[in-house]
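# A closer look at the structure
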Amino acid sequence: MVAGRFAASLATAIVTALIWTRIGGQGGMRPPNQDDHHDCEGSRWETFTGIALHDLLHAGGFLVVGASAAALLQTVVPHSLLGDGCSGDETAVATMAVLAVTLAICSQADAFVATGFTQFSLTARLVFLVVGPAVDVKLIVLQSATFGRAFAARFAPLTLVISVGCALLAARWLL
Amino acid sequence: MKRTGLRAPLIREDAGAAIAIALGAVLFRLALVSDAYQRYVRRSSRDYLVAAGAVLVALGVIGVIRAHTDRGRRNAGRSGDHGVPRAALLLLAPMVAVFCVAPPALGTYAASRVQTAVLRSHLTAATELPPETAGAVTLTVSDFIGRVDVGQNLTVGRYRLTGFVMPDPKAQNGEVNLTRLQIVCCAADAQTTQVPVAGIRDTPKEGTWITVIGSETVVNGYPELQAISMQRTNSPTDPYE
């Protein structure tokens, strides 16, 4: 399982990057131009603290939005719903992928949460572990805020598909 | 390709810096001055919260100074626009929540909805029991179930468990579930551990924190606590296991 998660996550990162360099287009991932905010007159320390404060406030604000969305989904959707929805293997994988996106559990804890999904197959749980860090509600909000909604609208589904695919391949070969 | 940051609506730079200072102050209030942070994250996160608060306050103070001193204004004035994104205002929301709503720790609502924890196995059959205090061995609920799971012989002796009361759907003789919530890093990943308790006469209301002293029995292959005495307690400052 450990090898599977490692291999699948690494593959996801590489494949996504390769594909994005083709279809991302010019400036596909360039953040808003920071140079206009900070000139070269200030010392390096001044520039650093200025950028740090700016990024913190920008990302932090949108993190609140993403975290609120994840919290709402966690509170409103009972986990017991899942037990009923895992008839076939495809449904299980899809359920786990959706759950990984909506629950947005941090990577320190997602393995422990995944062990609790005892009614799901190992493949489905590997999908949960690979999709979670790659794309979730919080990340989507942050990506839209930083790179634009058009970026997030293309990037998030792309990472979702690639991460599910890599997880399934890793499950086939390693689990 | 739209570049959001360049045209993002801005607020004054010192307002953004003030938000950062306020956020740092909230972290200090939660982690340094009181123990309220334990309702939301693990107790071991305290140092990180305090450090993060210090960094926020420092960045905010530097930002305020920069916005108001001549040198800062001169440096900023050369560049195009100066200010921080309006998104910073969103950071006020959790601050308001902490002060006005003061969300309590997770309780019966969460415990009824989240899944049951699969216990982490740092216990073996040979792990020693902690020493007795006042006639019973104090264990956490997870520890109690974990030790039974790995085959420890808990049928000898009395055990003291603390948790909150939840109804037991499989109860035949008025048992209740003594429940605790386990978290790994923050309240978002909470899972429940429960042990059925039998032999309590006037069952307290759902959600009441109690300390039960009893002996272990196995009913239908699952460990239960046969209560000898029960006492209501205050909810602990660190409610998660």
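Going by the structure above, here's the rest.
Here's what I pulled together on the structure shown here.

What counts, and where the lines are drawn
Residues numbered from 1 in each chain as written. Chains lettered and ligands numbered in written order. Predicted model: local features only at pLDDT ≥ 70, side-chain atom pairs only at ≥ 80, totals over all residues. Heavy atoms only, no water. Helix = DSSP H or I, 4+ residues; strand = E, 2+ residues; numbered from the N terminus. Contact = heavy atoms within 4.5 Å. Areas by Shrake-Rupley, 256 points an atom, 1.4 Å probe, with all protein chains shown as cover. Buried < 20%, exposed > 50% of the residue type's maximum accessible area, 1.4 Å probe, protein only. Pairing = 2+ DSSP bridges. Patch = residues over 30% accessible without salt bridge, like charges linked within 9 Å, V, L, I, M, F, W, Y side chains within 5 Å. Salt bridge = Lys/Arg side-chain N within 4 Å of Asp/Glu carboxyl O. Phe/Tyr/Trp six-rings, centres within 6.5 Å; stacked < 30°, edge-to-face > 60°. Right-handed = clockwise from strand over helix to strand, strands pointing away. Axes fitted to C-alpha atoms, helices over the stretch in contact; angles between N-to-C directions. Parallel < 35°, antiparallel > 145°, perpendicular 65-115°, else oblique. Left-handed = near helix turned anticlockwise from the far one by under 90°. Nonpolar A, V, L, I, M, F, W, Y, C, P; charged D, E, K, R; others polar. Expected span 1.5 Å × (residues − 1). Arc of directions from axis to C-beta. Core = buried A, V, L, I, M, F, W, Y, C linked by side-chain atoms within 4.5 Å. 1 Å grid on protein atoms, 1.4 Å probe; cavity = no way out; pocket = protein on both sides within 12 Å on 5 of 7 lines; lining within 4 Å. Points joined across faces, edges and corners; volume = space filled by probe spheres on them.

## Points about the overall build of chain A
- When helices and strands are counted, chain A shows eight helices and zero strands.
- Seen in sequence order, chain A has helices and strands lined up from the N terminus as α-α-α-α-α-α-α-α.
- Of the contacts made within chain A by residues no fewer than 6 positions apart, 77% connect residues no fewer than 24 positions apart.
- Here chain A has roughly 8800 Å² of accessible surface; of this, 68% comes from carbon and sulfur atoms.

## A look at the pairing of strand E6 (residues 176-182) of chain B
Residue and element names in this part refer to chain B.
- Buried residues dominate E6, accounting for seven of its seven residues.
- By the bridge criterion, seven bridges tie E6 to strand E7 (residues 191-198) in an arrangement that is antiparallel. Bridge pairing in E7 places Leu178 opposite Val195.

## A look at a nonpolar patch on the surface
Residues and elements named next belong to chain A.
- Together, Phe6, Leu10, Ile14 and Leu18 give the surface a local cluster of nonpolar side chains, amounting to about 430 Å² of exposed area.
- Topologically, Phe6 is positioned in helix H1 (residues 2-23).
- Classification of Phe6 as exposed rests on a relative accessible area of 59%.

## Details of the packing of aromatic side chains
Residue and element names in this part refer to chain A.
- Taken as a whole and assessed by the stated rule, the structure comprises nine aromatic pairs over all chains.
- Arranged with centres 5.1 Å apart and planes meeting at 90°, the rings of Trp20 and Phe155 form a pair that is edge-to-face. Of this pair, Trp20 sits in helix H1 while Phe155 is found in helix H8 (residues 149-174), placing the two residues 135 residues apart along the sequence.
- By relative accessible area, which is 7% here, Trp20 ends up buried.

## Focus: unusual backbone geometry
- Look at Ala104 of chain A: it is not a glycine, yet its phi comes out positive at around 50°.
- You can see Ala104 of chain A is positioned in the loop between helix H4 (89-103) and helix H5 (110-116).
- Phi angles above zero are rare outside glycine, and Ala134 of chain B is one such case at about 55°.
- Tracing the chain through its elements places Ala134 of chain B in the loop between strand E3 (132-133) and strand E4 (136-138).
- Take Ala134 of chain B: its relative accessible area is 77%, and that puts it in the exposed class.

## A look at the pairing of strand E5 (residues 159-167) of chain B
All names here are of chain B.
- By the criterion of burial, E5 is predominantly enclosed, with seven of the nine residues buried.
- The pairing of E4 with E5 spans two bridges and is classified as parallel. The partner of Thr138 across the bridge, within E5, is Arg160.
- Each parallel crossover has a hand, and for E4 linked through helix H7 (residues 141-149) to E5 it is right-handed.
- Relative to strand E8 (residues 209-219), E5 is paired through six bridges, and the arrangement is antiparallel.

## Observations regarding the packing of helix H2 (residues 13-33) of chain B against helix H3 (residues 46-68) of chain B
Residue and element names in this part refer to chain B.
- At their nearest, the axes of H2 and H3 sit 7 Å apart, and the two run at 155° to each other. In terms of orientation, H2 lies roughly antiparallel with respect to H3. Remark: the crossing between H2 and H3 carries left-handed chirality.
- Among the residues forming the contact of H2 with H3, the class breakdown is 19 nonpolar, five polar and four charged.

## Considering the environment of Arg158 of chain B
All names here are of chain B.
- Residue position: Arg158 is located in the loop between H7 and E5.
- Under the relative-accessibility criterion, Arg158 is labelled partly exposed at 42%.
- Between the C-alpha atom of Arg158 and that of Gly214, which follows or precedes it by 56 residues, the distance is 5.3 Å.
- Once residues within four sequence positions are removed from consideration, Arg158 is found in contact with Gly135, Ala136, Val137, Ile213, Gly214 and Ile228.

## Looking at H1 of chain A
All names here are of chain A.
- Along its 22 residues, H1 runs 31 Å from first to last C-alpha, staying within 8% of the 32 Å computed at 1.5 Å per residue.
- For H1, the complete set of buried residues consists of Gly4, Arg5, Ala8, Thr12, Thr16 and Trp20. In a view along the axis of H1, the buried residues occupy a sector of 100°, so they form one face of it. Exposed and oriented more than 90 degrees from the buried face of H1 are Val2, Phe6, Leu18, Thr21 and Arg22.
- Those residues of H1 that are buried lie in contact with H5, helix H6 (122-134) and H8.

## Observations regarding the nonpolar core
Residue and element names in this part refer to chain A.
- Within the largest apolar cluster, 38 residues are counted, with the highest numbers of intra-cluster contacts made by Met96, Phe117, Val127, Phe128 and Val131.
- Looking at this core, the elements with two or more residues in it are H1, H4, H5, H6 and H8.
- Residue contributions to this core peak at ten residues, all from H8.
- Aside from chain neighbours lying at most four places away, what touches Met96 is Phe117, Phe120, Ala124, Arg125 and Phe128.

## Regarding empty space enclosed by the protein
Residue and element names in this part refer to chain A.
- Taken as a whole and assessed by the stated rule, the structure comprises one cavity of 30 Å³ or more.
- Of the voids in this model, the largest cavity is the one considered here, and its volume is about 30 Å³.
- Considering the residues around the largest cavity, the lining is formed by Ala100, Ile105, Asp110, Phe128 and Gly132.
- Classifying every residue of the lining of the largest cavity gives three nonpolar, one polar and one charged.

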